[in-house]
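Here are the chains, one letter per residue:
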Protein chains: 2
Amino acid sequence: MTASTEPKTVDRSPLSDEMVGRIDRWWRAANYLSVGQIYLLDNPLLRTPLAREDVKPRLLGHWGTTPGLNFLYAHLNRAIKEREQSTIYVTGPGHGGPGLVANTYLEGTYSEIYPDISQDAEGMRRLFRQFSFPGGIPSHVAPETPGSIHEGGELGYALSHAYGAAFDNPDLLVAAVVGDGEAETGALATSWHSNKFTNPNKDGVVLPILHLNGYKIANPTVLARIPADELRSLMVGYGHRPYFFEVPDDADDAQAGADHADAHRRFAALLDDVLDEIAAIKARAAAGDDSPPSWPMIVFRTPKGWTGPDYIDGKKTTGSWRAHQVPLGNARDTEEHLRVLADWLACYRADELFDADGRLQPDIAELAPQGQLRMSDNPHANGGLLLKDLRLPDFRDFAVDVPEPGATLAEATRVLGQWLTEVIRLNPDNFRIFGPDETASNRLQAVYDATDKQWNAEFFGPEVDEHLARAGRVMEVLSEHQCQGWLEGYLLTGRHGLFNCYEAFIHIIDSMFNQHAKWLKVTDHIPWRRPIASLNYLLSSHVWRQDHNGFSHQDPGFIDHVVNKSANVVRVYLPPDANTLLSTYDHCLRSRQYVNVVVSGKQPAPNFLTMEQAVAHCTRGLGIWEWAGNEVLGADPDVVLAAAGDVPTLEALAAVDLLRTHLPDLRVRFINVVDLMRLQDSTEHPHGLSSREFDMLFTTDKPIIFAYHGYPWLIHRLTYRRTGHANLHVRGYKEEGTTTTPFDMVMLNDLDRYHLVMDVIDRVPALGSTCATLRQQMADKRIAAREYTRAHGDDIPEVKEWVWPAAKEAGVDTNAVAAAADTGGDNE
Amino acid sequence: MTASTEPKTVDRSPLSDEMVGRIDRWWRAANYLSVGQIYLLDNPLLRTPLAREDVKPRLLGHWGTTPGLNFLYAHLNRAIKEREQSTIYVTGPGHGGPGLVANTYLEGTYSEIYPDISQDAEGMRRLFRQFSFPGGIPSHVAPETPGSIHEGGELGYALSHAYGAAFDNPDLLVAAVVGDGEAETGALATSWHSNKFTNPNKDGVVLPILHLNGYKIANPTVLARIPADELRSLMVGYGHRPYFFEVPDDADDAQAGADHADAHRRFAALLDDVLDEIAAIKARAAAGDDSPPSWPMIVFRTPKGWTGPDYIDGKKTTGSWRAHQVPLGNARDTEEHLRVLADWLACYRADELFDADGRLQPDIAELAPQGQLRMSDNPHANGGLLLKDLRLPDFRDFAVDVPEPGATLAEATRVLGQWLTEVIRLNPDNFRIFGPDETASNRLQAVYDATDKQWNAEFFGPEVDEHLARAGRVMEVLSEHQCQGWLEGYLLTGRHGLFNCYEAFIHIIDSMFNQHAKWLKVTDHIPWRRPIASLNYLLSSHVWRQDHNGFSHQDPGFIDHVVNKSANVVRVYLPPDANTLLSTYDHCLRSRQYVNVVVSGKQPAPNFLTMEQAVAHCTRGLGIWEWAGNEVLGADPDVVLAAAGDVPTLEALAAVDLLRTHLPDLRVRFINVVDLMRLQDSTEHPHGLSSREFDMLFTTDKPIIFAYHGYPWLIHRLTYRRTGHANLHVRGYKEEGTTTTPFDMVMLNDLDRYHLVMDVIDRVPALGSTCATLRQQMADKRIAAREYTRAHGDDIPEVKEWVWPAAKEAGVDTNAVAAAADTGGDNE
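What counts and how
- Residues numbered from 1 in each chain as written.
- Chains lettered and ligands numbered in written order.
- Predicted model: local features only at pLDDT ≥ 70, side-chain atom pairs only at ≥ 80, totals over all residues.
- Heavy atoms only, no water.
- Helix = DSSP H or I, 4+ residues; strand = E, 2+ residues; numbered from the N terminus.
- Buried < 20%, exposed > 50% of the residue type's maximum accessible area, 1.4 Å probe, protein only.
- Contact = heavy atoms within 4.5 Å.
- Areas by Shrake-Rupley, 256 points an atom, 1.4 Å probe, with all protein chains shown as cover.
- Pairing = 2+ DSSP bridges.
- Axes fitted to C-alpha atoms, helices over the stretch in contact; angles between N-to-C directions.
- Least-squares fit on C-alpha atoms with pLDDT ≥ 70 in both.
- Right-handed = clockwise from strand over helix to strand, strands pointing away.
- Salt bridge = Lys/Arg side-chain N within 4 Å of Asp/Glu carboxyl O.
- Phe/Tyr/Trp six-rings, centres within 6.5 Å; stacked < 30°, edge-to-face > 60°.
- Lys NZ or Arg CZ within 6 Å of the ring centre and 35° of its normal.
- Buried area = accessible area lost by both parts, 1.4 Å probe.
- Polar contact = N/O pair within 3.5 Å; in protein donor to acceptor, adjacent residues only side chain to side chain.
- Nonpolar A, V, L, I, M, F, W, Y, C, P; charged D, E, K, R; others polar.
- Domains from an automatic or database assignment.
- Parallel < 35°, antiparallel > 145°, perpendicular 65-115°, else oblique.
- Left-handed = near helix turned anticlockwise from the far one by under 90°.
- Disulfide = S-S within 2.5 Å.
- Core = buried A, V, L, I, M, F, W, Y, C linked by side-chain atoms within 4.5 Å.
- Expected span 1.5 Å × (residues − 1).
- Arc of directions from axis to C-beta.

Enquirer: Looking at this structure, how should I read the overall build of chain A?
Expert: Counting secondary structure elements, chain A contains 26 helices and 22 strands. Counting only C-alpha atoms, chain A reaches 95 × 60 × 45 Å along its principal axes. Residues counted as buried form 71% of the 828 residues belonging to chain A. Sequence separation of at least 24 residues holds for 78% of the intrachain contacts in chain A that already meet a minimum separation of 6. Carbon and sulfur atoms make up 49% of the accessible area of chain A, which amounts to about 24,200 Å² in all.

Enquirer: For this particular structure, what's the right way to read the sheet that holds strand β5 (residues 295-301) of chain A?
Expert: Working definition: the strands of a sheet are paired by backbone hydrogen bonds and lie parallel or antiparallel to each other. All names here are of chain A. With parallel pairing, 5 strands are arranged side by side in an open sheet as β1-β2-β3-β5-β4. For this open sheet the edge positions go to β1 (87-91) and β4 (240-246), each flanked by a neighbour on one side alone. For this sheet, the mean angle separating the axes of adjacent strands, direction not counted, is 20°. Strand direction decides the pairing type here: strand β3 (residues 205-212) and β5, joined by 4 bridges, are parallel.

Enquirer: What's the story with the sheet that holds strand β21 (residues 704-708) of chain B in this structure? I'm lost.
Expert: All names here are of chain B. Strands sit in the order β18-β20-β19-β21-β22 across an open sheet of 5 strands; the sheet is mixed. In this open sheet, the two edge strands, each paired with only one partner strand, are β18 (622-624) and β22 (728-731). Taking each pair of neighbouring strands and ignoring which way they run, the sheet shows an average axis angle of 20°. Contacting β18, β19 (639-644), β20 (668-673) and β21, helix α19 (residues 691-698) crosses the sheet at an angle of about 130° to β20.

Enquirer: Is there a simple way to explain the environment of Leu748 of chain B in this structure?
Expert: All names here are of chain B. The topology assignment puts Leu748 in helix α21 (residues 742-748). When the C-alpha atoms of Leu748 and Leu172 are compared, they prove to be 53 Å apart, with 576 residues separating the residues in sequence. Excluding residues that lie within four positions of it along the chain, Leu748 makes contacts with Lys734, Glu736, Gly737, Thr740 and Arg786.

Enquirer: Which parts of the structure should I look at to understand the relation of the copies chain B and chain A?
Expert: In this structure, two copies of a chain are linked by a rotation about an axis accompanied by a shift along it. If you rotate chain B by 180° and push it 0.0 Å along the axis, it lands on chain A with an RMSD of 0.0 Å. Considering both components of the superposition, the chain copies are consistent with a two-fold axis. Proximity to the rotation axis, assessed at the C-alpha, singles out Gly186 of chain B in chain B; its C-alpha lies 1.9 Å from the axis.

Enquirer: Is there a simple way to think about the pairing of strand β2 (residues 173-179) of chain B in this case?
Expert: If a strand is regular, its side chains alternate between the two faces of the sheet. All names here are of chain B. Most of β2 sits inside the fold, with 7 of its 7 residues counted as buried. When strand β1 (residues 87-91) meets β2, the two strands line up parallel, connected through 5 bridges. In the strand pairing of β2, Val90 is matched with Ala176. Examined bridge by bridge, β2 and strand β3 (residues 205-212) share 7 bridges and lie parallel to one another. The residue of β3 that forms the bridge with Ala175 is Leu207. Taking the sense of rotation as the criterion, the β-α-β connection linking β2, helix α7 (residues 186-191) and β3 turns out right-handed.

Enquirer: For this particular structure, what's the right way to read the pattern of salt bridges?
Expert: The final tally for this structure, using the stated rule, is 110 salt bridges over all chains. Note that Asp750 of chain A and Arg782 of chain A form a salt bridge whose closest N and O atoms lie 3.1 Å from each other. With Asp750 of chain A in the loop between α21 (742-748) and α22 (753-763) and Arg782 of chain A in helix α23 (residues 772-792), this pair connects stretches of sequence that are 32 residues apart. Pair check on accessibility: Asp750 of chain A and Arg782 of chain A agree, each one buried. Asp681 of chain B is the partner of Arg722 of chain B in a salt bridge, and the nearest nitrogen-oxygen pair spans 3.3 Å.

Enquirer: Please clarify how the packing of aromatic side chains should be interpreted in this entry.
Expert: Think of a pair of aromatic rings as described by two things: how far the centres are apart, and how the planes are tilted against each other in angle. By the definition in use, this model includes 71 aromatic pairs over all chains. Judged by centre distance (6.0 Å) and plane angle (15°), the rings of Tyr711 of chain A and Trp713 of chain A are stacked. Overall, the relative accessible area of 14% leaves Trp713 of chain A in the buried class. Taken together through their ring pairs, the aromatic side chains of Trp27, Phe71, Phe245, Phe267, Phe300 and Trp306 of chain A make up a single cluster. When the ring centre of Phe551 of chain B is taken as origin, the NZ or CZ atom of Lys518 of chain A, which lies over that ring, is 3.8 Å away. The ring of Tyr594 of chain A has Arg571 of chain A sitting right over it, with the charged end atom 4.0 Å from the ring centre.

Enquirer: Looking at this model, I keep getting lost on the interface of chain B and chain A. Mind explaining?
Expert: Frequently, the measure chosen for interface size is the accessible area that the parts lose on association. Counting from both sides, the interface comprises 136 residues of chain B and, opposite them, 135 residues of chain A. Buried surface at the junction of chain B and chain A, both sides included, amounts to about 10,900 Å², of which 53% is carbon and sulfur. Among the ionic pairs, Glu736 of chain A bridges to Lys521 of chain B, the shortest N-O distance being 3.1 Å. At the junction of chain B and chain A, the tally comes to 71 residue pairs in polar contact (both at pLDDT 80 or more). Contributing elements (two or more residues each) for the side of chain B that touches chain A: α7, α8 (228-237), β7 (315-316), α14 (510-523), α15 (558-562), α20 (713-719), β22 and α23 (772-792) of chain B. Its residues assigned to classes, the side of chain B that touches chain A comprises 50 nonpolar, 49 polar and 37 charged.

Enquirer: How should I be thinking about the domain arrangement of chain A in this particular structure?
Expert: All names here are of chain A. Each domain of chain A was delimited in the assignment, giving domain 1 (19-381), domain 2 (395-604) and domain 3 (622-795). Between domain 2 and domain 3, the C-alpha centre-to-centre distance is 28 Å. Summed over both sides, the interface between domain 2 and domain 3 buries roughly 2,800 Å², with carbon and sulfur atoms accounting for 65% of that surface. Three residues, Trp544, Leu574 and Pro576, lead the burial of domain 2 against domain 3; their summed loss comes to 30% of the area buried on that side. Run the count over domain 2 and domain 3 and you get 0 salt bridges.

Enquirer: Before we go on, may I ask you to explain the packing of helix α12 (residues 412-426) of chain A against helix α16 (residues 578-590) of chain A in this structure?
Expert: Residues and elements named next belong to chain A. Across the interface, α12 lies against α16 with an axial gap of 8 Å and an inter-helix angle of 40°. The orientation of α12 relative to α16 falls into the category oblique. Considering the relative orientation of α12 and α16, their crossing is right-handed. Contact residues: Ala412, Thr413, Val415, Leu416, Trp419, Leu420 and Val423 in α12; Ala578, Leu581, Leu582, Tyr585, Asp586 and Leu589 in α16.

Enquirer: Explain the state of the cysteines here, please?
Expert: Note on terminology: disulfide describes a covalent bond linking the sulfur atoms of two cysteines. All names here are of chain B. Inspection of every chain in the model, using the stated rule, returns 0 disulfides over all chains. Cys501 carries a free sulfur, and the closest cysteine sulfur to it, the one in Cys483, is 7.3 Å from it. Assessed through its relative accessible area of 0%, Cys501 is described here as buried.

Enquirer: Help me out: how do you make sense of the nonpolar core in this one?
Expert: A general feature of soluble globular proteins is that nonpolar side chains tend to end up buried together. In this structure, Tyr537 and Leu676 of chain A together with Tyr537 and Leu676 of chain B are the most contacted members of the largest nonpolar core, which totals 200 residues. With 89 residues, the next largest nonpolar core counts Cys588, Val615, Val764 and Leu774 of chain A among its residues.

Enquirer: What is the right way to read helix α22 (residues 753-763) of chain B from this model?
Expert: Every α-helix winds through 3.6 residues per turn, so residues three or four apart in the chain are directed the same way. The buried fraction of α22 of chain B is high, at 9 of 11 residues. Here α22 of chain B has its buried residues at Arg753, Tyr754, His755, Leu756, Val757, Met758, Asp759, Val760 and Ile761 of chain B.

Enquirer: Teacher, can you tell me more about helix α10 (residues 335-346) of chain B here?
Expert: All names here are of chain B. Here α10 is 12 residues long and its end C-alpha atoms lie 16 Å apart, about the 16 Å a rise of 1.5 Å per residue gives. Looking only at α10, the buried set comprises His337, Leu338, Val340, Leu341, Trp344 and Leu345. Axial view of α10: buried residues confined to an arc of 160°, hence all on one face. Against the buried residues of α10 lie α1 (17-39) and β6 (311-312).

Enquirer: I would appreciate a short explanation of the side chain of Arg25 of chain A in the present structure.
Expert: All names here are of chain A. Among the structural elements, Arg25 can be located in helix α1 (residues 17-39). Classification of Arg25 by relative accessible area gives buried; the value is 18%. Every residue in contact with Arg25, bar those within four places of it in the chain, is listed here: Glu352, Leu353, Gln361, Asp363 and Ile364.

Enquirer: What exactly am I supposed to notice about the side chain of Thr317 of chain B here?
Expert: Residues and elements named next belong to chain B. Within the element layout of this structure, Thr317 appears in the loop between β7 and α10. Polar side-chain contacts of Thr317 include one of 3.0 Å to the backbone oxygen of Lys315. What Thr317 contacts, discounting residues up to four positions off in sequence, is Lys304, Pro309, Asp310, Tyr311, Ile312, Arg322, Ala323 and Pro327.

This is the structure we're talking about:
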């Protein structure tokens, strides 16, 4: 199925005329099928003269990039077959959907997967009709397209995805076409540097092909309009050895067969050179040469809309931005456009390509490799086929000891790191951790006991290069785009991983998350797409503890962004301590087809649950912490205090402590929420609580004071249909912050224990009048705390030394707790 | 104040020893003040031996990048003074906050703005204490920092901001320091190409200084670990002429004065070369040479934490990632660290720099230029000082004619484009439009009657290069990051603009929006920062009309993202037609200190309001459309239909039409919402309606069926405290879509007219039993519509030809309406 590790070199005699012809005929067939998909409703083989009613009523799609994609596909097929080189094709200009569908149809894969779209005239009619048509298929390269791991929607991620696919697939070649429009995006511009993060022995090879077709929707592209020397320098600067291929935009000859034959000969020779060079680099690396190689890449300059109409309505089309989308917008409406379309379709001479039944001529079909060597059938592009369960160490073995709630402290992510270390050990070739220079800052550094950070640029020696190696399971680059793109590519090809990131800056990949969530939603309904591992986020260095960085680093809104996506895909967890984090993450690494967002602090914080309790709590997703409240069995409490998130849980518990001290007769229920989606109704989210369950927990008529990690409105958005919603009062981050102490931060947002007590007093009807003094005490404490903080640059001892009463009774040293709280370090 | 257009060249004799000494002493002073800010609570001039209690209890800040920033600042000051060159300093590694504060303090600006921080010992004590301290200033370069237009939080935008500042400021030099960590981000990687979009005559010059200090938080940087030739190629490939400066990391000599003197001499000479070359390029361009210049840039390689302790606890610190943050975390806790800190501070010999009163020695102060030539006092860095109101043409002159509601059609953004054309004509030097290759696709192409797209790469001639010119008011590059960054830089330096973008892909800059919104929020409370123009988005090609692109291009969630930010800053508008869009945008372009999000379709759609009505409606922000409903004056209606957004408004009106036809006795109120923030309570947002107003409009007990443009949950989040909220039922985009017809899209999300009628039937108690037949009819219509669409590839005539009854009575040709609806074109 896959090739041997030793890549083949091949006979370098010039391409035979027969092969030239075969490639050209494949290309023409793919182009014909592409144009057919964009324009034709019927009459696929043009058995009768093209009529207006053969043309679709709404012409929707993109032609411009397509012939170039088809040309590359045909040539790659020749090379793959000769070299038996397992290869996948990443289509950066994914709006060239018709091209990829066409090639996969020619390879037979399409009909194997979708038997309705058979390889005959009727199948071709359906192929054409379904494209970008109601009830049909999307116009872009999409999950529905065999062989794709890369949705052709948002631009910029082709190379990141390609490298992600290549990691730990040493026998794989990833041909990654980069559009010159896409090349202007930030994500793509930095992703060229991925070559410094790959290992020639342990990873596959990415062959970037910069498709310089010169134009975007309405403009020239930057890289097509800089001097050739400058472009060469840029690629050399990116660490590549560029190979240049050019088909000039000579409108008169654009469709001339002789020119095309020359182009085929030239490109085939160039591709052989490139693949031989890749083989040579791999061989050198296998022999022990560990100097960073300059991998080849191809600059592929062809006219936009190549082989299409040169001029339409007197305006230059092929070789211009006018070829970007549907060049003949009025093909159904005007005779003139219809005639141009007929001539255009005729230029491919379909009768030479397909037999009378509409079947591809056998000698053309011969160009494609067999079985899974077809790029459309490569199992790496349907990663679920290759997915193996992770071997997971028992997370219970990594539990922190919790003799009493709050009696011990831990840095939750540091504990998680210890478990992840074993995950890495047990899964040496299908699990990686990705992060933007923050893996140690997020306190996962235990993983460096088992692995290193993969790096293939220069080394300066152990004094400065800690845990840096040519191969390793941790991928660190200061680009959230790269982390996300690499991980997506890695997951889509059937592996596992997680992305650890500062909470605020995960917004950098909001849009990439969107696309991945959409991909997962769609693939849920594509039976031949097998489930892949979930995309797991670990968001640490969160909003409440940006001690070094302040306001710019405070944004808990990624959760809000995530919950707008399909409920079948998104999961959000806010484990309150170390053991719950372990239990949560074990669950996440076992799951499939989700995006799991886990938010956890990295600072020393109390542990509340034993591992047994943690597992039970996480299994329920939320629940009453009976040890914290003081309600009477069988009776509703006077007030519900709820918390989601580690810092809010701490403040809410401290508030309960105050309430129990000052108002011992008040019956308090304490609820902690780990799985945020439990708050939604069961009809809205698969994790949602039924009304009955929710009402039993939160009551229908008692005040609920909810301390939440993020923007408070989200809790309302999730619960607005709940019976007791009118009694719900949420505290959270309301966009107030700066560089200050942790307790000052919660005070700035009214999430602090004193304010929560005030909220309870304000909300429990019976308390309002009798507790004026206590309320005033709390208000005074806030003022005093702020004054102390501004005077001393530190939080008040009362807060720093606070521990849960049971823990204090058990003899916890409150001074030690206060000292542990003093860590402002290890942030960015 | 600013220099003449003719840049000065200067005497090139070697730097005098006196000047070398002055620069070095400035640098030492800045370094001393930087270290002091990070560590010292008291004893600023070390009049007594450093004691533990002089050290801050929480050490928070970043040292590593700071000495390099200080070095550059000192040298720029020398050059600025000699050349009288108006210059601003953009600090990419903005976590080097102490450095920028130090330099602006040395320049005197800091004390002018903050008199408490005086230029004497007491002022210095306060300067130190306030840094990253509760009640003090942020640790990063921030709005509070004089001379800054660039928050030092999220990395990646230094060059985009710098170029944005330079546009239309021909006399300005923007020294933009790019951190080598930041250089790994996507946004930064593509922003180097900004040089192809600047005009040497009409724009200022950006001097990129790549600060290669080698390390990030915990890793080496990519650009510091590629061969020097490769880095040179990269910069040449980016279109620059690189100048290399290096101070080797020779730990033994790091603090040696002789080395520093040599470094000063070498860098001063290099800087003079660079500035002379810039002057020469400007002169050539002024003389008519329009070949794209290779602007100089500087690669500035210095040890990270330069002049700091070489080793701490036996580990290499200076010249390693360990110098990134606070190298001596235990300076207050251990004698050893305290001693290292004392030695470190002593190495700057503060007694040679400050007099007995703590004032900077006059000869050092001489290094700084005077007044607004100080980078900290340059008015461009406090753009509100320079802001001029736009000269706005009367938008009423661009009104579309609306004889009856729905009687005419328009493409709203195309109409807006006609007004923007005049805005451009009237404001030729302080207004620009930014867009990622979508300005024409978003139908603003009328602006090309007045201007061009600015482009300074190669031209291929008029056949393909439409509206492309060396100078123009439209900035198009396929990078949302660049569009956002340029616009931010342009606004922050006192100009106006808008960013037009496909709705879905504005998420690419979610995180940049966050930072800008935070900047605006903070500056609202900084009196010396003058208000700047609002950042205006025009989001078109929206979720409902992604006919070409389908699911990947459908995401209306930017609004959800935006509303989490401070209510004082964000505004969201959903004008339902062309005239309301004109009125809305006129308001936006006049506003200050906001982020205005305007969502508007570009497809032909009915016009509902005359300009007079539109102005009144937009002024109110929402209101009853009396012509649409049939309520009886003085009585509550039976049901409220509300709509926000153009497509939802159309569907809701069509639903009203159906209701009035089939259920003439049902009293319907129709409300349209333009200003989404009106839905919030007046206590939550300045635009919010009072409870009384809201209740009067929406009733407290009648069903409200709300057709919303985006994710439906947002409407609940905005209204959950409203009296009638339990009666509110929202339809919107629930993440269902593909490439299909417009009506199929609304049906997929149950936002279509038939479903809205069903919703009314289900919600109005009196109707439930009597309307079973009508409800079934509506359900059948949905099925029939889908079947028709799948058969014909088009929407049903009944929908396409629908017009509001009054318009039909007035003789509107429904076939023409249907034909206009057929435009799927002009999308990406």
